[in-house]
Amino acid sequence: MGALDYFAYVHGLPWSNSSLQWDDEQNLRRLYAAIFSAQCSGDRAPKPFVWVYVRKSEPETLRIWAYLPHDDAGRWVLQSLANTGIPGAVTPNGTWPVYARYASTRMTGCFPHGECYNDADVRYVNYFWDGRAVHFFPRAGYGFPQSNGCVELPLSAAKKAFAWIHIGTPVTIAP
């Protein structure tokens, strides 16, 4: 859900950013009037803008950028080594919104070489695409591919990331 979709939803407007309603002058006027009214009344977004950027070139890293309203500026608020997917279970390049979050959940699946897993209590999980997630997973080291397609973080970084990330946060995976 994009920013305009969410704004329209919260304010009860008949709007979908993915529809043809861009061409409906009456809907556009209602949307702009609601945005102007919200701005004049001091209504602000319920969550700050946050962006997750994962770089797959070694050492693999995850960075989180956030807009900080009290500073009226944005900055990188977290940087950590990370792990992405192994060959055959790659973490795909692209940008997706976080669609589900769990403080703790069970993850199951099989690696390309056939070994399967059933991990209980995987913590600080932020799903962003087709079962791929940013989450904590205990490893001896971080910074190179070793997951089954997820973005794995050390515990302290995953906990901090979970505090910043929310539903809709874009996650960009780059080479």
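A brief structural summary.

Rules behind the numbers
Residue numbers here run from 1 along each chain, matching the order of that chain's written sequence. Given that this is a predicted model, residues contribute local features only at a pLDDT of at least 70 and side-chain atom pairs are listed and counted only at 80 or more, while totals for whole chains, interfaces and linings are drawn from all residues. Here the side-chain values reflect all heavy atoms present in the structure, with hydrogen atoms and water set aside. Strands here mean DSSP runs of E at least two residues long; helices mean DSSP runs of H or I at least four residues long; both are numbered from the N terminus. The classification of residues rests on relative accessible area computed with a 1.4 Å probe and restricted to protein chains. Under 20% of the type maximum is buried, over 50% is exposed, and intermediate values are partly exposed. We call two residues in contact when some of their heavy atoms are within 4.5 Å. Note on ring pairs: Phe, Tyr and Trp rings are taken, using the six-membered ring of Trp, and paired if centres are within 6.5 Å. Classes follow the plane angle, with under 30 degrees stacked, over 60 edge-to-face and the rest tilted. By definition here, charges over rings are those cases where NZ of Lys or CZ of Arg is within 6 Å of the ring centre and within 35 degrees of the ring normal.

Digging into the overall build of the chain
Then, number 1: On a plain count of helices and strands, the chain comes out with 3 helices and 9 strands.
Then, number 2: Burial status across the chain gives 39% buried among its 175 residues.
Then, number 3: Once local pairs closer than 6 in sequence are excluded, the contacts in the chain between residues at least 24 apart make up 54%.

As for the packing of aromatic side chains
Then, number 1: If you walk through the whole model with that rule in mind, you get 9 aromatic pairs.
Then, number 2: Each ring, one from tyrosine 102 and one from tyrosine 127, has its centre 6.2 Å from the other, and the planes form 80 degrees; the classification is edge-to-face. With tyrosine 102 in strand 5 (residues 100-110) and tyrosine 127 in strand 6 (residues 116-129), this residue pair connects regions lying 25 residues apart in the sequence.
Then, number 3: Judged by its relative accessible area of 38%, tyrosine 102 is partly exposed.
Then, number 4: The exposure class assigned to tyrosine 127 is buried, which follows from its relative accessible area of 14%.
Then, number 5: An aromatic cluster of at least three residues, connected via ring pairs, comprises Trp51, Tyr53 and Trp76.
Then, number 6: Seen from the ring of tryptophan 76, arginine 63 lies directly overhead, with NZ or CZ sitting 3.9 Å from the centre.
Then, number 7: Positioned over the ring face of phenylalanine 162 is arginine 101, at 3.8 Å from the centre of the ring.

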